[in-house]
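Working through the structure, step by step
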Amino acid sequence: VFNPQTGEVLWEENSHETRSIASLTKLMTALTFVADDPDLDQRITITRADTLRASVTHLKTGDQVSWGDLLHLTLIASDNSAARALARTAEGGTSAFVSRMNEMAAQLGLTNTHYFDPSGLVATNVSSAYDMSHLIAFAAADPRLGPIMRTAEYVVKTPKRLIPIHSTNKLLATDIDTEVLATAAMDVGVSADGRIHDIAVDRYGLEPGDLIFDAIEDVHVDGLLARCFRLNSQCSEHGRRKFSAGI
């Protein structure tokens, strides 16, 4: 459990264990692409190399799409062709772009992270929970990427057709309000009865009954399990204030 506001790791277990990250690769693809400050209104043409065996894609060979719409496809719909097209049309082409992805990871201190392609279709793209939590926080804070990452629905516009897309992040498709704690594990920081663990009570000067969570649902996002909680109405005012302030 990571507090992006302070950079503090609140709880961890096997957080530096390296695993294949599949579509989570696209976070770094998007981050590396906008680092060059491109003109997001510029249109490029999708090629056969972009769509060949892309698995998940809304694009067709010959589509003319803006870089901005490719970013939306990449981050909202986890579109593999879009991610490939961003890398291919960036300065130096795909190979140079993937090298910059790894350079960006090193600059951010993501020591367990390495990339071989921009889409995540290869199992050799790896990272750890620790690295990914920091990367997600960094990308979400970017003024160009953050709003896209929080978008549930979008319409991509090509000269010949409209392409409606929906987020693959199931958390955006719920009516969960801002008082939600989502963790990337079955039981992190919250006990089975919904009460926070004693370590959190001691660390933040809370009483055991100050924060109580109701489990909403378990969702699977890109192969990871996330358990979502909402603050229980029986929480104390002190607990609510601490939670709203980021504890």
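The notes below deal with the structure included here.

Criteria and thresholds
Residues numbered from 1 in each chain as written. Predicted model: local features only at pLDDT ≥ 70, side-chain atom pairs only at ≥ 80, totals over all residues. Heavy atoms only, no water. Phe/Tyr/Trp six-rings, centres within 6.5 Å; stacked < 30°, edge-to-face > 60°. Helix = DSSP H or I, 4+ residues; strand = E, 2+ residues; numbered from the N terminus. Buried < 20%, exposed > 50% of the residue type's maximum accessible area, 1.4 Å probe, protein only. Salt bridge = Lys/Arg side-chain N within 4 Å of Asp/Glu carboxyl O. Polar contact = N/O pair within 3.5 Å; in protein donor to acceptor, adjacent residues only side chain to side chain. Contact = heavy atoms within 4.5 Å. Axes fitted to C-alpha atoms, helices over the stretch in contact; angles between N-to-C directions. Parallel < 35°, antiparallel > 145°, perpendicular 65-115°, else oblique. Left-handed = near helix turned anticlockwise from the far one by under 90°. Nonpolar A, V, L, I, M, F, W, Y, C, P; charged D, E, K, R; others polar.

1. Section: the packing of aromatic side chains
As enumerated under the stated definition, the model contains 1 aromatic pair in all. Consider the rings of phenylalanine 33 and tryptophan 67, whose centres lie 5.2 Å apart with planes at 75°: the pair is edge-to-face. On the criterion of sequence distance, the pair formed by phenylalanine 33 in helix 1 (residues 25-34) and tryptophan 67 in helix 3 (residues 67-76) is long-range, its members being 34 residues apart. Take phenylalanine 33 and tryptophan 67: they sit in the same class, and that class is buried.

2. Here we look at the pattern of salt bridges
In total, this model carries 5 salt bridges according to the counting rule given. For arginine 88, the salt bridge is made with aspartate 50, and the minimal N-O distance between the two is 2.8 Å. Within this pair, whereas arginine 88 is found in helix 4 (residues 80-89), its partner aspartate 50 is found in helix 2 (residues 48-51), the two being separated by 38 residues in sequence. The closest approach of N and O atoms between arginine 161 and aspartate 63, which form a salt bridge, is 2.5 Å. Of the two residues, arginine 161 is situated in the loop between strand 7 (153-157) and strand 8 (162-166) and aspartate 63 in the loop between helix 2 and strand 5 (64-66); the sequence distance between them amounts to 98 residues. Using a relative accessible area of 11% as the deciding quantity, one classes aspartate 63 as buried.

3. Remarks on the side chain of asparagine 102
Mapping asparagine 102 onto the fold places it in helix 5 (residues 93-107). For asparagine 102, a relative accessible area of 18% corresponds to the buried category. Of the polar contacts made by the side chain of asparagine 102, one reaches the side chain of histidine 114; its length is 3.3 Å. Beyond its immediate sequence surroundings of up to four residues, asparagine 102 is in contact with His114 and Tyr115.

4. Some thoughts on the packing of helix 1 against helix 6 (residues 129-140)
Interhelical geometry of helix 1 versus helix 6 gives an angle of 40° and a closest axis separation of 10 Å. With respect to helix 6, the element helix 1 is oriented oblique. Two packed elements cross with a definite hand, and for helix 1 against helix 6 that hand is left-handed. Here Leu27, Met28 and Leu31 of helix 1 lie close against helix 6, whose contacting residues are Met132, Leu135, Ile136, Phe138 and Ala139. Taken together, the residues that form the contact of helix 1 with helix 6 break down as 8 nonpolar, no polar and no charged.

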